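Below are the chains, spelled out letter by letter.
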Amino acid sequence: MSVRNYLRPERLPTYWCPGCGDGLVITSMAEVFEELHCDEKNTVLVSGIGCAARAPGYFTLESVHGLHGRAVPIAEGIKIVRPELNVVIISGDGDLLGIGLNHLIHASRRDTDIKVICIDNQIYGMTGGQKSPTTALGVKTLTSPEGNTDRPVDCQALIKAHNSFYARATTFHLPLLKKAIRAAMEHRGFAMVDVRSQCPVNYGRRLGYRNAYEMLMHFKQHYKPVKGVVDRLAHDEIGITSENPKSQIQNPNSA
Amino acid sequence: MNKVVALTGNEAAAEAMRQINPDVVAAYPITPQTELMHKFSDFVADAVVKTEMILVESEHSAMSACIGACAAGARVMTATSANGLAFMWEVVYIAASLRLPIVMTVVNRALSGPINIHCDHSDTMGCRDSGWIQLYGENPQEAYDNIIQAIRIAEHPDVRLPVMPTFDGFIISHTLERLEILSDEEVGKFIGAWKPVHPLLDIAHPVTYGPLDLQDYYFEHKKGQAEAMKRAKGVVLAVGKEYGALSGREYGFFEEYKTRDAEQIILCLGSASGTVKSVVDGLREKGRRTGVLKLRMFRPFPAEEILSAIGHAKSIAVLDRAEGFSGLGGPLFPEVRSALYGRSDAKVINYVYGLGGRDLSPEMILSVFDDLEEGRITDREAVHLGVRI
Ligand SMILES: Cc1ncc(C[n+]2csc(CCOP(=O)(O)OP(=O)(O)O)c2C)c(N)n1
Ligand SMILES: [Mg+2]
């Protein structure tokens, strides 16, 4: 199957605004799916609600477009009944790290064999640009007109707390994004790919970015790819982190 | 002193909230309520209100934060729509049972699934048995007026129940209309200073909220809630009258539009009534005795008053903007029919319309009046207006 066969050109133009990063992520996913021979017989997509969560609708693969925050338990349900399937979630930062965050932590803790691709545009894009759980301090949004005063969720810390697979990429560093998605797909167990992406219309525009290009250039300057596999990524680093052997996890309750 | 302004339903609701100036607002965005909170966030940022605004991670948290804040002694408000309200459901019941006078505007939107962002009443109808007072508004003016009155009703010592003023998503929330607003001083005086009842941390009068309540007292507490709901009727009327004296716009349980001598009457909620009224005007010119009863208060349900207002009609169509999945049509219908049962000879028929924002055209309303007049519908089953299957 070629990459094109994974996507549905008849659904073009997409729902997404011009310059949105979501299209770059789905293209990278399609490329990985092609390399790994993931197809409609062995792979299903799951999402919650949001702009990112519209992604499964552009794939030829079968999917469940769930409800806001519940992509993870829906995926776990599918995995229980059809353990042989690749179950891949694609959803947004609000969906996965806000309203549905508890599920993510528990799936990671249980090491459920699902893959989570989080498109983190640091905003509730679909509802028009309210601050999300990953919005940085000081950033002005429609619900933080004076600048955000809440610290962003540390996704890496939450996932690494259980020594699960965690990788971070951006929509500028496409080869790395692809590598991270591939590593997640090949990993046995819970895997999370945290993708910094641009929302030029409901985020960047209000912060002085004139277009998506300027936002991508910001990713280029700000994020440093790390070499090899590291233990933890600094806040401005992107790459793949190592998972520690699960057997070495200390039981925090044992004396 | 009324001031004339042009506002959308959401802006009118935000304006009412600005004038009420609540101590705490906890909210989470959802279409079509979002603009309401954008506007209110601006008021907070500009310090034109003294409100502490908490932008929580979900609606379940929003209502929970409202409960905590209200129990701690604050005047509390929030707003939501559709799945936001559904996600709150568990806590919505807690707010009512703890007798916390929270005011939550609901901008009506169809409940998923399938996912849809447009108007119907499936969201608030899902909360009809939750113990909240429900006031449906027809237009931005009523959205504004209902929210201000809701504070007085909720906090009245005979009531102390949460109130849900609602208006139709997009049709009203996003439509700019002329309305009249009161001055800040008038609103401040009308709602009065907030006096918390049994707040937490009043060390001289310690309280516990929400302890276990088994066979011993649960039943009595539920009866107490039901009695408060009944008492709310008198309070809604008194507050509506006082508001009328202040603003020139008096409110009751419903608006009777040309119903006195009407033989065919439509009963409905929300924005649809505007369209029905204009159809009634046209039919009246042709000498057809038609009318509309626009229900404003759905909870508590004013059964006796509905009977006296429309019991004389030959036939009545109840328009439901929600499907009840009971096999008997929408949720409004059985209540209206029960109100009339055995005490009116009117034939009562149910129409389900406008689900997921499907337009209700004047032609459809005309067809309903024709059905009523010609006695065309004899079936007990609900008619789904404008559906293709
Ligand atoms: C229970 C519930 N609350 C609120 C909403 C409204 N809502 C839809 S999408 C969304 C935010 C999505 O943000 P994110 O997950 O970051 O996705 P993005 O649109 O940014 O890609 C919200 C709040 C909803 N659908 N359901
Ligand atoms: Mg987002």
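What comes next concerns the included structure. (Residues numbered from 1 in each chain as written. Chains lettered and ligands numbered in written order. Predicted model: local features only at pLDDT ≥ 70, side-chain atom pairs only at ≥ 80, totals over all residues.)

Quick look at the sheet that holds strand β10 (residues 264–269) of chain B
Strands belonging to one sheet form pairs held by backbone hydrogen bonds; the direction of such a pair is parallel or antiparallel.
Residues and elements named next belong to chain B.
Move 1: If you trace the six strands from one edge of the open sheet to the other, you get β9-β11-β10-β13-β14-β15, paired in mixed fashion. Strand pairing shows two members of the sheet lacking a second neighbour, β9 (254–257) and β15 (383–384), which therefore form its edges.
Move 2: Against the sheet, helix α9 (residues 272–285) makes contact with β9, β10, β11 (290–295) and β13 (315–320), and its axis sits at roughly 165° relative to β11, the strand it touches most. (Pairing = 2+ DSSP bridges. Helix = DSSP H or I, 4+ residues; strand = E, 2+ residues; numbered from the N terminus. Contact = placed C-beta atoms within 7 Å. Axes fitted to C-alpha atoms, helices over the stretch in contact; angles between N-to-C directions.)

A few points about the pairing of strand β4 (residues 76–80) of chain B
Residue and element names in this part refer to chain B.
Move 1: By the criterion of burial, β4 is predominantly enclosed, with five of the five residues buried.
Move 2: Because side chains alternate across β4, one face comprises the buried residues Val76, Thr78 and Thr80, and the other comprises Met77 and Ala79, equally buried.
Move 3: Bridge count for strand β2 (residues 24–27) against β4 is two bridges, and the pairing is parallel. Opposite valine 25, over in β4, you have methionine 77 as the bridge partner.
Move 4: Judged from the four bridges that link them, β4 and strand β5 (residues 103–108) form a sheet pairing that is parallel. When the bridges of β5 are listed, threonine 80 appears paired with valine 106. (Buried ≥ 20, exposed ≤ 12 C-beta atoms within 10 Å, placed from the backbone.)

Some thoughts on the interface of chain A and chain B
Move 1: Contacts between the two partners involve 16 residues from chain A, matched on the other side by 15 residues from chain B.
Move 2: Listing elements by their share of the side of chain A that touches chain B, those giving two or more residues are α4 (93–99) and β6 (130–131) of chain A.
Move 3: Here the residues of the side of chain A that touches chain B sort into seven nonpolar, seven polar and two charged. (Nonpolar A, V, L, I, M, F, W, Y, C, P; charged D, E, K, R; others polar.)

Some remarks on the sheet that holds strand β2 (residues 62–65) of chain A
Residue and element names in this part refer to chain A.
Move 1: The sheet built from eight strands is open, its strands ordered β2-β1-β3-β4-β8-β7-β10-β9 with mixed pairing. Every interior strand has two partners, whereas the edge strands, β2 and β9 (224–230), have only one. Geometrically, the sheet is characterised by an average inter-axis angle of 20° between neighbouring strands, direction not taken into account.
Move 2: Alignment of strand β7 (residues 165–170) against strand β10 (residues 237–241), held across two bridges, turns out to be antiparallel. The residue bridging alanine 167 from the neighbouring strand is isoleucine 240, located in β10.

Overview of the packing of α9(B) against helix α12 (residues 362–374) of chain B
Residue and element names in this part refer to chain B.
Move 1: At a minimum axis separation of 9 Å, α9 and α12 run at an interaxial angle of 60°. Classified by the angle their axes make, α9 and α12 are oblique. For the crossing formed where α9 meets α12, the hand is right-handed. Within the contact between the two elements, α9 uses Thr275, Val276, Ser278, Val279 and Leu283 and α12 uses Pro362, Ile365, Leu366 and Phe369.
Move 2: Along the lines of polarity and charge, the residues of the contact of α9 with α12 split into seven nonpolar, two polar and no charged. (Parallel < 35°, antiparallel > 145°, perpendicular 65-115°, else oblique. Left-handed = near helix turned anticlockwise from the far one by under 90°.)

Geometric values such as these leave the question of function open.
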